[in-house]
Amino acid sequence: MKIIIRQIQEKDNLLLAKIIREVFIEHDAPQKGTVYSDPTTDNLYDLFQTPKSILWVAEINNEIIGCCGVYPTKGLNENCVELVKFYLSKDARGKGIGKELMQKCIHSAREFEYTQLYLESLPQFSKAISMYEKQGFVRLNQSLGNSGHKTCNIWMLKELN
């Protein structure tokens, strides 16, 4: 099994949107006020043309299995970037691919000279939250920035120094 992690390409849009929405359905997570219903989910390639942002795509045997990126969400301080669009297809979990994607994003955030990495999540994604905590993210009492994802009620921050 050879894992390839590469930057998003325009041809990835439909498949990534499908994977993201399947994860929400699988975990019975809210669809309104989350990335599920966010119109940018259908055109991630264009979204990640934003300066100081990147979306990494993981594939095995030329099959896309997930993604994770960093994005300068409006309202965050200039030293802080958001970890976004971190989703893996069901069969890809538990193999270290998520950890590899996250490490790639942490490295990218540092390369872009950010000092903090922020994320928003939901209780339905408890396994992911546990992984974030192992990676040094700490819970916050309120959201930072203006992601537009009002339903997310878990906010976490990691210092990148």
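Above this text you will find the structure in question.
As the structure is a computational prediction, the values presented were derived from the model and not from experiment. (Residues numbered from 1 in each chain as written. Predicted model: local features only at pLDDT ≥ 70, side-chain atom pairs only at ≥ 80, totals over all residues. Heavy atoms only, no water.)

### Quick notes on the pattern of salt bridges
Evaluation of the coordinates by the stated rule reveals six salt bridges. Glu 59 is the salt-bridge partner of Arg 6, the closest N and O atoms lying 3.0 Å from each other. Of the two residues, Arg 6 is situated in strand β1 (residues 3-7) and Glu 59 in strand β2 (residues 54-60); the sequence distance between them amounts to 53 residues. Here Arg 6 and Glu 59 have matching classes, each one buried. Bridged by salt links that share partners, the residues Arg 6, Asp 12 and Glu 59 form one connected network. (Salt bridge = Lys/Arg side-chain N within 4 Å of Asp/Glu carboxyl O. Helix = DSSP H or I, 4+ residues; strand = E, 2+ residues; numbered from the N terminus. Buried < 20%, exposed > 50% of the residue type's maximum accessible area, 1.4 Å probe, protein only.)

### As for the side chain of Gln 116
Its place among the elements puts Gln 116 in strand β5 (residues 116-121). What makes Gln 116 buried here is its relative accessible area of 15%. A distance of 2.9 Å separates a polar atom in the side chain of Gln 116 from a polar atom in the side chain of Glu 159. Apart from residues no more than four positions distant in its own chain, Gln 116 is found in contact with Asn 77, Asn 79, Cys 80, Val 81, Leu 157, Lys 158, Glu 159 and Leu 160. (Polar contact = N/O pair within 3.5 Å; in protein donor to acceptor, adjacent residues only side chain to side chain. Contact = heavy atoms within 4.5 Å.)

### So, unusual backbone geometry
At Lys 85, a residue that is not glycine, the phi angle is positive and equals roughly 50 degrees. Here Lys 85 is to be found in strand β4 (residues 80-88). Its identity is not glycine, yet Glu 113 carries a phi of approximately 70 degrees, on the positive side. Structurally, the position occupied by Glu 113 is in the loop between α3 (97-111) and β5. Judged by its relative accessible area of 63%, Glu 113 falls in the exposed class.

### Observations concerning the sheet that holds β4
Spatially, the seven strands line up as an open sheet ordered β1-β2-β3-β4-β5-β7-β6, and their pairing is mixed. What marks the edges here is a single partner per strand, and that holds for β1 and β6 (138-140). Averaged over all adjacent pairs, the angle separating strand axes in this sheet is 30 degrees, with direction ignored. Relative to β5, β4 runs parallel, the two being bridged by three bridges. The residue bridging Val 81 from the neighbouring strand is Leu 117, located in β5. Across the face of the sheet, helix α1 (residues 13-26) comes into contact with β2, β3 (63-71) and β4 while running at roughly 85 degrees to β3. Its contacts with the sheet place helix α4 (residues 126-134) against β4, β5, β6 and β7 (154-159), and it is angled at close to 25 degrees to β7. (Pairing = 2+ DSSP bridges. Axes fitted to C-alpha atoms, helices over the stretch in contact; angles between N-to-C directions.)

### So, the packing of aromatic side chains
In the structure shown here, the tally under the stated rule is eight aromatic pairs. Both rings, one in Phe 24 and one in Phe 125, keep their centres 5.3 Å apart while their planes meet at 80 degrees; by these two values the pair is edge-to-face. In this pair, Phe 24 is assigned in helix α1 and Phe 125 in the loop between β5 and α4, connecting sequence segments 101 residues apart. You can call Phe 125 buried: its relative accessible area is 11%. When the ring of Phe 86 is compared with that of Tyr 132, the centres are 6.2 Å apart and the planes differ by 45 degrees; the resulting orientation is tilted. Linking Phe 86 in strand β4 with Tyr 132 in helix α4, this pair joins segments that are 46 residues apart in sequence. In this structure, Phe 86 and Tyr 132 share a single accessibility class: buried. Here the aromatic residues Phe 24, Tyr 36, Tyr 87 and Phe 125 are joined through ring pairs into a cluster of three or more. Over the face of the ring belonging to Tyr 114 we find Lys 52, whose NZ or CZ atom lies 4.7 Å from the ring centre. (Phe/Tyr/Trp six-rings, centres within 6.5 Å; stacked < 30°, edge-to-face > 60°. Lys NZ or Arg CZ within 6 Å of the ring centre and 35° of its normal.)

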